[in-house]
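The lines below spell out each chain.
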Amino acid sequence: MNMNDRLERYLNDHLAGATGALVMIDDVTARQTDATEERFFRDLKSAVEEDRRLLKRLLKSADLKESSVQKMAGGLTARAGRLKLLWEGMDPGELGIFEALEMLVLGIQGKRILWLMLGDIAPLFPEWSDVDFPALERKALAQRDAVEQRRRSAGRLALAPGAPV
């Protein structure tokens, strides 16, 4: 496998992960009873959709292809995970919502380190010169921290209902 094949696979893996994140964000958003929280997750979904568009642009500009197989695998994985979370319960205080937020935190951390890596190799791709990878990394860090705060609150409700939220 040559460098371009590895990069193509890596970017497609993150594209598939973003597809799964969108499914999870929709599930979390649908269960929000607070308008501010619902807005937060809608904004997060918009940010992930924007990241997906950027990943597609990076693939195309580097003359790499989007993988329909990896996209399909990402969708299937997301749906399988979704079934488990629904079984655990997605309402406040249930394990599923806590685990969904945990998966989102992990995914956003993965996105953060994606931007770091792409920033490291960007000099090899002059077609990416207009992309501010450090700003993308900072944005992912802020998203991760915001979801982490919500994950910890959900975890206290799910794992120790009497603990202060």
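As shown above, the structure is provided for reference.
Remember, it's a predicted structure, so these values are computed and weren't measured experimentally.

Enquirer: Help me understand the overall build of the protein, please; the structure alone is not making it clear to me.
Expert: The helix and strand tally for the protein stands at five helices and zero strands. Taken across its 165 residues, the protein has 42% of its residues classed as buried. For the protein, the proportion of contacts with a sequence separation of at least 24, taken over those separated by at least 6, is 73%. Surface accessibility of the protein: about 9,200 Å² in total, with carbon and sulfur atoms responsible for 57%.

Enquirer: What am I meant to see in the packing of helix 2 (residues 35-61) against helix 4 (residues 95-121) here?
Expert: For any two helices packed against each other, one specifies the crossing angle of their axes together with the interaxial distance. For the pair helix 2 and helix 4, the least separation of the axes is 13 Å and the interaxial angle reads 35°. With respect to the hand of their crossing, helix 2 and helix 4 are arranged in left-handed fashion. Contact residues: helix 2 offers F41, L44, V48, D51, L54, L55 and L58, while helix 4 offers L101, I108, K111, L114, W115 and L118. Split into classes, the residues belonging to the contact of helix 2 with helix 4 amount to eleven nonpolar, no polar and two charged.

Enquirer: Is there a simple way to explain the environment of W128 in this structure?
Expert: Mapping W128 onto the fold places it in the loop between helix 4 and helix 5 (133-159). Classification of W128 as buried rests on a relative accessible area of 1%. As for W128 and A62, which are separated by 66 residues in sequence, their C-alpha atoms are 8.2 Å apart. Residues contacting W128, with those up to four places away along its chain left out, are L7, L11, L58, S61, A62, L118, I121, A122 and F133.

Enquirer: What am I meant to see in the packing of aromatic side chains here?
Expert: By convention here, two paired aromatic rings are described through the distance between centres and the angle between planes. Tallied over the full model, the rule gives four aromatic pairs. For the pair W115 and F133, a centre-to-centre distance of 6.2 Å together with 40° between the ring planes defines the contact as tilted. Here W115 is found in helix 4, whereas its partner F133 is found in helix 5, with 18 residues between them in sequence. This pair shows no difference in class: W115 is buried, exactly as F133 is. Grouped by ring-pair contacts, the aromatic residues W115, F125, W128 and F133 constitute a single cluster.

Enquirer: Even after reading the chapter, I still don't get the environment of P134, so can you show me in this structure?
Expert: Its location among the elements puts P134 in helix 5. A residue is classified by how much of its surface remains accessible, and P134, at 48% relative accessible area, is partly exposed. Spatially, the C-alpha atoms of P134 and G119 are 7.0 Å apart, while their sequence positions differ by 15 residues.

Enquirer: Where do I start with the environment of Q109 in this structure?
Expert: When you line up the elements, Q109 lands in helix 4. The spatial distance from the C-alpha of Q109 to the C-alpha of A140 is 7.1 Å, given a sequence separation of 31 residues.

Enquirer: Where do I start with the nonpolar core in this structure?
Expert: Considering soluble globular proteins, one finds that nonpolar side chains tend to be buried as a cluster. Grouped together as the largest cluster of nonpolar side chains are 40 residues, with contacts concentrated most on L11, W115, L118, W128 and F133. Elements with a minimum of two residues in this core: helix 1 (3-30), helix 2, helix 4 and helix 5. The greatest single-element share of this core, amounting to ten residues, is contributed by helix 4. Among all residues touching W115, those that are not within four sequence positions of it are D51, L54, L55, L58, F133, L136, E137 and A140.

What counts, and where the lines are drawn
- Residues numbered from 1 in each chain as written.
- Predicted model: local features only at pLDDT ≥ 70, side-chain atom pairs only at ≥ 80, totals over all residues.
- Heavy atoms only, no water.
- Helix = DSSP H or I, 4+ residues; strand = E, 2+ residues; numbered from the N terminus.
- Buried < 20%, exposed > 50% of the residue type's maximum accessible area, 1.4 Å probe, protein only.
- Contact = heavy atoms within 4.5 Å.
- Areas by Shrake-Rupley, 256 points an atom, 1.4 Å probe, with all protein chains shown as cover.
- Axes fitted to C-alpha atoms, helices over the stretch in contact; angles between N-to-C directions.
- Left-handed = near helix turned anticlockwise from the far one by under 90°.
- Nonpolar A, V, L, I, M, F, W, Y, C, P; charged D, E, K, R; others polar.
- Phe/Tyr/Trp six-rings, centres within 6.5 Å; stacked < 30°, edge-to-face > 60°.
- Core = buried A, V, L, I, M, F, W, Y, C linked by side-chain atoms within 4.5 Å.

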